[in-house]
Amino acid sequence: LAKSRLGFWPAGLLTAALFAVLHAAQYALVLLVPIFLIGLILTWALGLTGSLWVPVALHMVNNLLGLFMLWMSPPV
C-alpha cells in the first residue's frame, strides 16, 4: 500500500486502523484507541528502519510486557 498512490502515511493510517479492528474481538472498544496508536508506532518504526522485523519485534515486546503484567497482577 505504501508504494501505491496512497503513499506511506495514509497507508500506515489504514493499516493501523485494520490492526485495531482485528483486535476488536479480544478487547473492549475503548482499548481500540491505544491499539490504533500502537499500530501507528509500528508504522513509524517500519518507516524509520525500512525493515519489517523491527515492528514485528516491537509487537512481540508489547505482547510480552502485557503477559508479564498479567502474570504479576494479583489473582482475582
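Structure shown above.
Residues numbered from 1 in each chain as written. Predicted model: local features only at pLDDT ≥ 70, side-chain atom pairs only at ≥ 80, totals over all residues. Heavy atoms only, no water.

A. Fine view of the packing of aromatic side chains. Considering all chains together, one arrives at two aromatic pairs under this definition. Plain terms: the ring middles of F8 and W9 are 5.3 Å apart, the flat faces sit at 85° to each other, and that makes the pair edge-to-face. Of the residues examined, F8 reaches a relative accessible area of 28% and is grouped as partly exposed. Of the residues examined, W9 reaches a relative accessible area of 42% and is grouped as partly exposed. When the centroid spacing of 5.9 Å and the interplanar angle of 50° are considered together, the rings of F68 and W71 count as tilted. With a gap of three residues between them, F68 and W71 both fall in helix α3 (residues 53-72), about one helical turn apart. (Phe/Tyr/Trp six-rings, centres within 6.5 Å; stacked < 30°, edge-to-face > 60°. Buried < 20%, exposed > 50% of the residue type's maximum accessible area, 1.4 Å probe, protein only. Helix = DSSP H or I, 4+ residues; strand = E, 2+ residues; numbered from the N terminus.)

B. Here's a closer look at the nonpolar core. Among the nonpolar cores identified, the biggest contains five residues, and these are F19, A20, L32, I35 and L42. Those elements giving two or more residues to this core turn out to be α1 (8-22) and α2 (32-49). Looking at this core element by element, the count peaks at three residues for α2. Not counting chain neighbours up to four residues away, the residues in contact with L32 comprise A20, H23 and A24. (Core = buried A, V, L, I, M, F, W, Y, C linked by side-chain atoms within 4.5 Å. Contact = heavy atoms within 4.5 Å.)

C. Here's a closer look at the packing of α2 against α3. One can describe the packing of α2 onto α3 by two numbers: an axis separation of 8 Å at closest approach and a directional angle of 145°. For α2 against α3, the interelement crossing comes out right-handed. For the pair α2 and α3, the contacting residues are I38, L42, A45, L46 and T49 in the first and V54, P55, L58, H59 and N62 in the second. Residue composition of the contact of α2 with α3, grouped by class: seven nonpolar, three polar and no charged. (Axes fitted to C-alpha atoms, helices over the stretch in contact; angles between N-to-C directions. Left-handed = near helix turned anticlockwise from the far one by under 90°. Nonpolar A, V, L, I, M, F, W, Y, C, P; charged D, E, K, R; others polar.)

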